[in-house]
Amino acid sequence: MIGEQMYNLVKRLFPINRSITGKGFRKSLRIIREFLPKLQIKSIKSGEKCFDWTVPLEWDVEEAYIEEYPSGKKIVDFRKNNLHLVSYSVAVDKVLTFEELDKHLYYREDLPDAIPYVTSYYHPNWGFCLTYNQYKSLDRSKKYRVVIRSKHFQGELNYGELIIPGESEKEIFFSTYLCHPSMANNELSGPVLATFLARYVKQKSDRRYTYRFIFIPETIGSICYLSKHLEELKKKVVAGFVLTCVGDEGKFSYLSSRYGNTLADKVVLNLLDYEIGEYNRYSFLERGSDERQYCSPGVDLPVCLVMKSRFGTYKEYHTSLDNLDFVTPKGLQESYDFYTKLIEVLENNYTYKVTVLCEPQMGRRGLYHQISHRGRSEFVKTLMDFLAYADGRNDLVDIANLIRKSAYELIEIAKILEKHKLVKKVKKDKKGVPVNCCVQ
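Residues numbered from 1 in each chain as written. Predicted model: local features only at pLDDT ≥ 70, side-chain atom pairs only at ≥ 80, totals over all residues. Heavy atoms only, no water.

Engineer: Talk me through the overall build of the chain; I want residue IDs and the actual numbers.
Structural biologist: Helix and strand counts for the chain come out as 13 helices and 19 strands. Partitioning the intrachain contacts of the chain with sequence separation of at least 6 by distance along the chain shows that 80% fall at a separation of at least 24. If you sum the accessible surface of the chain, you get close to 19600 Å²; carbon and sulfur atoms cover 48% of it. Where the 66 positive side-chain charges of the chain centre and where its 56 negative ones centre are 5 Å apart. (Helix = DSSP H or I, 4+ residues; strand = E, 2+ residues; numbered from the N terminus. Contact = heavy atoms within 4.5 Å. Areas by Shrake-Rupley, 256 points an atom, 1.4 Å probe, with all protein chains shown as cover. Lys, Arg positive; Asp, Glu negative; His and termini not counted. Charge placed at Lys NZ, Arg CZ, Asp CG, Glu CD.)

Engineer: Which residues make up the packing of aromatic side chains, and what are the values?
Structural biologist: Per the counting criterion, the structure on display carries 23 aromatic pairs. Centroid distance Y350 to Y352: 6.4 Å. Interplanar angle 75°. Geometry classified as edge-to-face. Judged by its relative accessible area of 3%, Y352 is buried. On the basis of an interplanar angle of 65° and a centroid distance of 5.7 Å, the ring pair of Y352 and F386 is categorised as edge-to-face. Taken as a pair, Y352 in strand β17 (residues 351-354) and F386 in helix α11 (residues 376-389) lie far apart in primary sequence, 34 residues in all. Pairwise contacts between aromatic rings join F174, F213, F241, F252, F338 and Y339 into one cluster. Here R208 stacks its cationic end above the ring of Y350, 3.9 Å away from the centre of that ring. One Lys or Arg, R310, reaches over the ring of Y282 and ends 4.4 Å from the middle of that ring. (Phe/Tyr/Trp six-rings, centres within 6.5 Å; stacked < 30°, edge-to-face > 60°. Buried < 20%, exposed > 50% of the residue type's maximum accessible area, 1.4 Å probe, protein only. Lys NZ or Arg CZ within 6 Å of the ring centre and 35° of its normal.)

Engineer: If you had to explain the pairing of strand β10 (residues 156-164) to someone new, which residues and values would you point to?
Structural biologist: With seven of nine residues buried, β10 is to be regarded as a mostly interior element. Of the strand pairs in this sheet, strand β1 (residues 40-45) and β10 are connected by six bridges, and their pairing is antiparallel. Considered in β10, the bridge of I44 is made with L157. The sheet contact formed by β10 and strand β12 (residues 210-216) spans five bridges and is antiparallel. When the bridges of β12 are listed, E161 appears paired with I214. (Pairing = 2+ DSSP bridges.)

Engineer: Hey, could you go over helix α5 (residues 184-202) for me, with residue numbers and the actual values?
Structural biologist: Given a rise of 1.5 Å per residue, 19 residues ought to cover 27 Å, and the 25 Å separating the end C-alpha atoms of α5 matches this to within 8%. In terms of burial, α5 is largely enclosed, as 17 of its 19 residues are buried. (Expected span 1.5 Å × (residues − 1).)

Engineer: Outline the side chain of S46, listing residues and values.
Structural biologist: Residue placement: S46 occurs in the loop between β1 and β2 (49-50). In terms of polar contacts, S46 uses its side chain to reach the backbone carbonyl oxygen of P56, at 3.1 Å. At 3.0 Å, the side chain of S46 forms a polar contact with the backbone nitrogen of G155. With near-sequence residues (within four places) excluded, S46 lies in contact with V55, P56, L57, E58, F153, Q154, G155 and E156. (Polar contact = N/O pair within 3.5 Å; in protein donor to acceptor, adjacent residues only side chain to side chain.)

Engineer: Tell me what's going on with the pattern of salt bridges, and back it up with residues and numbers.
Structural biologist: Within the structure shown, the criterion is met by 31 salt bridges. For R79, the salt bridge goes to E63, with nearest N and O atoms at 3.8 Å. Here the residue R79 occupies a position in the loop between β5 (74-77) and β6 (92-97), and E63 occupies one in strand β4 (residues 58-69), the gap between them amounting to 16 residues. A relative accessible area of 61% places R79 in the exposed class. With a relative accessible area of 16%, E63 lands in the buried category. E232 is the salt-bridge partner of K236, the closest N and O atoms lying 3.3 Å from each other. (Salt bridge = Lys/Arg side-chain N within 4 Å of Asp/Glu carboxyl O.)

Engineer: Explain the sheet that holds β6 to me, using residue names and the numbers behind them.
Structural biologist: Spatial strand order, β5-β4-β9-β6: four strands in an open sheet with antiparallel pairing. Here the strands that pair on one side only, and so sit at the sheet edges, are β5 and β6. With direction set aside, neighbouring strand axes in the sheet form an average angle of 15°. With three bridges joining them, β4 and β5 adopt antiparallel strand pairing. The partner of Y65 across the bridge, within β5, is D77. (Axes fitted to C-alpha atoms, helices over the stretch in contact; angles between N-to-C directions.)

Engineer: I'd like a rundown of the pairing of strand β15 (residues 279-282), residues and numbers included.
Structural biologist: Relative to β15, strand β14 (residues 252-255) runs parallel, the two sharing four bridges. Opposite S253, over in β15, you have N280 as the bridge partner. After leaving β14, the chain enters helix α7 (residues 263-276) and then returns to the sheet as β15, a path that is right-handed. (Right-handed = clockwise from strand over helix to strand, strands pointing away.)

Engineer: Could you give an account of the sheet that holds β15, naming the residues involved and the relevant values?
Structural biologist: An order of β1-β10-β12-β11-β13-β16-β14-β15 is seen for the eight strands of this open sheet, with the pairing classed as mixed. The sheet is open, and its two borders are formed by β1 and β15, each paired with just one other strand. Neighbour-to-neighbour, the strand axes of this sheet turn through a mean angle of 25°, independent of strand direction. Across the sheet, helix α6 (residues 220-236) is in contact with β1, β10, β11 (171-177), β12 and β13 (237-243); its angle to β12 comes to roughly 170°.

Engineer: Residues and numbers for the packing of helix α1 (residues 2-13) against helix α9 (residues 329-347), please.
Structural biologist: Their axes nearest at 8 Å, the elements α1 and α9 cross at an angle of 115°. Relative to α9, α1 is oriented so that their crossing is right-handed. In this structure, α1 contributes I2, G3, E4, M6, Y7 and V10 to the contact, and α9 contributes P329, L332, Q333 and Y336. (Left-handed = near helix turned anticlockwise from the far one by under 90°.)

Nothing here speaks to function; it is geometry throughout.
Shown next as structure tokens:
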């Protein structure tokens, strides 16, 4: 099962300390490159301007802990769980009273056994995260030594890029982020799904579209990538997806593009309606990942999201409870199956028109015999319904919506009808308008 293979990659990546820059991010990209040998690891120097943002200094940390003073008993240790350290913390080595230390401690009273995930990328600060139960156990009368051996320096921000060429220069775009430390669903499920989808696309010998996969640090990564590729992406991308939170066993969740009217939205909604059935639906007002950049005014890429449990809606989100128990092979497999169907629909989403006037005689083409074992009446009805709307104006997904079927199911129908020369694909002009849409 692909889900088991994906889960094994999640387990391998899980212990690595990642942030928006640094060794952990690069190490994770190199592991993914073992699965995608043509993945290019690229860099942008610290201090470079990307639209309204500036690439931050690179961050590296060797160790971080809190110990009782003067006994030296460690009570919080970054090496035991990398979520214990506020990401991008500045270097510290000092002895503090509890009151002084308390200003730099973070916990969740509502989740007393969870370590929260906290960052301070753009404001120099330091801090530690611990469970609320740990926090309550601290002796208020003691002193504590705090040690953070970290450094900020002129380095680089990295990202991975893989472009798989197809017959057309038009692209399907997949973006995922790799900048969080040890969290399984919010962090690793997206990059792992992207890795296996890229392998799926790579083995297709008859690719219609070119596919672009990027592995970036969230927010700053998408902004920097857009600053270098915006015009190219606007010209080429016909549908795009942000991959995140796709590994748990919750309901599927859809978050639309800014207006919800792109090809990506249309294909996703058809598959959710007719392949999945029950799912959660969210508007762009509930955005939270890199769709914020891709769908922003002036960028306007056709990007939406299909997740399992949406970010921010499950209690484990941004805590140590988002672990290897929360993500499962079954959850990963379900997302993989959905997205491979989505890819197939996009690849086969042609506009069709019938080649005969009135209903064709199906019997003399042997279609009744061909389909008798499939449930004859329903299948014949689907064939005839497809023909009824194949007027040269509707693409595969449009027809699927009109006859209330999964577009994935109609791929086979279209191929049968085309084989028997009952429909043909319609050419479109540069604006995407069908040419010669009426039966000749």
